[in-house]
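Given next are the chains, with one letter for each unit.
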Amino acid sequence: MSPLALPTRHGQRHPRRVFATPRDLADALAEGIATRLRDALVSRGGASLVVSGGRTPEALFTRLAAMPLNWSAVTVTLADERWVPPTDTASNEALVRRSLLTGPAAQARFVGLYTGHASPEAGEDACNTRVGALSRPFDVVLLGMGEDGHTASLFPGSCGLAAALSPSPCQAVQAVRAPGLGHPRMTLTLPTLLDSRSVLLVITGAGKLRTLDQAEAGGPVEVMPVRALLRQDRVLVDINWAPETANEGAPA
Ligand SMILES: O=C1O[C@H](COP(=O)(O)O)[C@@H](O)[C@H](O)[C@H]1O
């Protein structure tokens, strides 16, 4: 693990940790998240965890689910969701129910983003009410990133992106659509994601590392929305990377 760092707009550093394998990353992050949730339970009697979907966090979820803590006082919600019911294999809720909310962790309170309305636009008000009712700041927000520089469902060139990135949105969530995106989405807005005591960005593979380096090097936020996460000064983002295969190695 090597401590590298990225500068934010005001020169703060986002710490970057590099792990030898995805397994090492999953183990360390599960321990780290469990510690943060336990600290919150001791300090405030309850804890909150916002998680992303996609392929990357599944191993981490499985390890986290096995962590001993008072899950019945933990609220879990999603950073984003494809507008499909939880019975659909594309559903982030389905992933979380299958891999995180199992065993002792099944006692956690889960608040999903999918409301059953015909479209995310139609469900936006109900979802806003749901997410707006959650206690904030969150304790942990866990984010992933795509090779196109999206994070949560803040996609390059998407309809709804400007509103979702606005520093003073009136909404906790935003419906999102983009050509070629497949399912329309619901995403927590950037200020909602940043309203957290800790934010973790988890990525694997050489391609995503290149994207992260490109994002950090500068350029428009609309082209790589993850830049908005890296450039803000509200909360440090713990960046965690591991190679996907042994021959990708760690960056020099
Ligand atoms: O579409 C999504 O993509 C990102 C990254 O997913 P991954 O499969 O490349 O790990 C994810 O963080 C987000 O929650 C998801 O909806």
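Relevant structure appears above.
Since this is a predicted model, take the numbers as computed values, not measurements.

The helix and strand tally for the chain stands at 8 helices and 11 strands. Over its C-alpha atoms the chain spans a radius of gyration of 17 Å, differing by no more than 12% from the 18 Å that the globule rule assigns to 252 residues. Dimensions along the principal axes, computed over C-alpha positions, put the chain at roughly 50 × 40 × 35 Å. Taking all 252 residues of the chain together, 54% fall into the buried category.

Looking now at the site of the ligand. In the vicinity of the ligand lie 14 residues, with Arg 55, Thr 56, Asp 80, His 150 and Lys 208 positioned nearest. The side chain of Lys 208 places a nitrogen or oxygen atom 2.6 Å from an oxygen atom of the ligand. Considering the ligand on its own, with 390 Å² of exposed area, one finds that the protein chains cover 91% of that surface. Here the shell around the ligand is built from residues that sort into 2 nonpolar, 7 polar and 5 charged.

What follows deals with the pattern of salt bridges. One pass over the full model with this rule turns up 12 salt bridges. The partner of Arg 44 in a salt bridge is Asp 139, and the shortest N-O contact between them spans 2.7 Å. Of the two residues, Arg 44 is situated in helix α1 (residues 22-44) and Asp 139 in the loop between α4 (120-132) and β7 (140-143); the sequence distance between them amounts to 95 residues. Of the charged contacts, one joins Arg 55 and Glu 244 as a salt bridge, the two residues approaching to 3.6 Å between their closest N and O atoms. You can see Arg 55 sitting in the loop between β3 (47-51) and α2 (58-65) and its partner Glu 244 sitting in the segment after β11 (237-242), a full 189 residues away along the chain. For Arg 55, a relative accessible area of 63% gives the class exposed. Each of the salt bridges in this network shares a partner with another, and the network as a whole consists of Arg 44, Asp 139 and Arg 197.

Reading the values: the criteria
- Residues numbered from 1 in each chain as written.
- Predicted model: local features only at pLDDT ≥ 70, side-chain atom pairs only at ≥ 80, totals over all residues.
- Heavy atoms only, no water.
- Helix = DSSP H or I, 4+ residues; strand = E, 2+ residues; numbered from the N terminus.
- Rg over C-alpha atoms; globule rule 2.2 N^0.38 Å.
- Buried < 20%, exposed > 50% of the residue type's maximum accessible area, 1.4 Å probe, protein only.
- Near = heavy atom within 4 Å.
- Polar contact = N/O pair within 3.5 Å; in protein donor to acceptor, adjacent residues only side chain to side chain.
- Areas by Shrake-Rupley, 256 points an atom, 1.4 Å probe, with all protein chains shown as cover.
- Nonpolar A, V, L, I, M, F, W, Y, C, P; charged D, E, K, R; others polar.
- Salt bridge = Lys/Arg side-chain N within 4 Å of Asp/Glu carboxyl O.

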